[in-house]
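One-letter residues, chain by chain:
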Amino acid sequence: MELRPFKYFLTLLILILCLDLKAKEIWILDEKLSTVNFEVPVFLAKNVKGYFNEIKGFVEIDTSDKINNKAIFSVKTDSLEINYEKYKTLLLSDTFLEVTNFPTALVDTKKFIYKNDNELKLNVELSIKNINKIVPLEIEIIKLAKELVQVKGSFFFLRKDFNIGVGKWSNNTILKDKVLVKINLFLFKKN
């Protein structure tokens, strides 16, 4: 049996993959420094404020065409910490986040154009409880070092769009519908 065509194919495949990798930069989220905070207004009380302890993500920069960039970030929903600790179990329950069925919330930029800008306005896909909605996201990119950047930004979504707070909690009189999310992400370039 002749293996020569297979060897040529394998060599060509490796060459294509190596060329493809050179055209992309991968930036990995520093999970210890990065934060994802949220805030929900409450009528006649302190706003519900919190953050997620477990976040993951990466950004892929298309260095050749500069148009096929993408970023994906996720939070583990049961890593939630809030200022109303006695309501944490309620927020994790089927009434709100349904963490047993939906342990992750996701932000996916799909493809976007980036040409070393300091500010970007993107429409990203937010996925909570397997419901996907497009939300506008404005970010500021701060170059801290050659291989370290900080990305700061915010967006908001409506609880009702993701069935967060059902039953008696669906009324917006006390717990408002608009959720503000603030991100402060640190990314390092993968070598």
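Residues numbered from 1 in each chain as written. Predicted model: local features only at pLDDT ≥ 70, side-chain atom pairs only at ≥ 80, totals over all residues. Heavy atoms only, no water.

## A look at the packing of aromatic side chains
Filter applied, for reference: Working definition: rings of Phe, Tyr and Trp (its six-membered ring) pair if their centres are within 6.5 Å, and the pair is stacked with planes under 30 degrees apart, edge-to-face with planes over 60 apart, and tilted otherwise. Helix numbering and strand numbering both begin at the N terminus, where a helix is a DSSP run of H or I of at least 4 residues and a strand a DSSP run of E of at least 2. Between buried and exposed lies partly exposed: a residue is buried under 20% and exposed over 50% of the maximum accessible area for its type, with that area taken using a 1.4 Å probe on protein chains only. Distance and angle both matter: a charge sits over a ring if NZ of Lys or CZ of Arg is within 6 Å of the ring centre and within 35 degrees of the ring normal.
In this structure the tally under the stated criterion is four aromatic pairs. For the ring pair F38 and F52, a centre distance of 5.6 Å and an interplane angle of 40 degrees mean the geometry is tilted. Here F52 lies in strand β3 (residues 48-52) and F38 lies in strand β2 (residues 35-40), a separation of 14 residues in the sequence. Owing to a relative accessible area of 14%, F52 belongs among the buried residues under this scheme. In this structure, K178 packs its charged tip against the face of F156, placed 4.2 Å from the ring centre.

## Section: the pairing of strand β1 (residues 24-29)
Worth spelling out the cut-off: By the convention used here, strands pair only if DSSP detects at least 2 bridges between them.
In this structure, β1 lies alongside strand β4 (residues 55-62), joined through five bridges in antiparallel fashion. Across the sheet, the residue bridging to W27 is V59, located in β4. In this structure, β1 lies alongside strand β11 (residues 178-189), joined through three bridges in antiparallel fashion. Bridge assignment links I28 to a residue of β11, and that residue is F188.

By themselves, these figures tell us nothing about what the structure is for.
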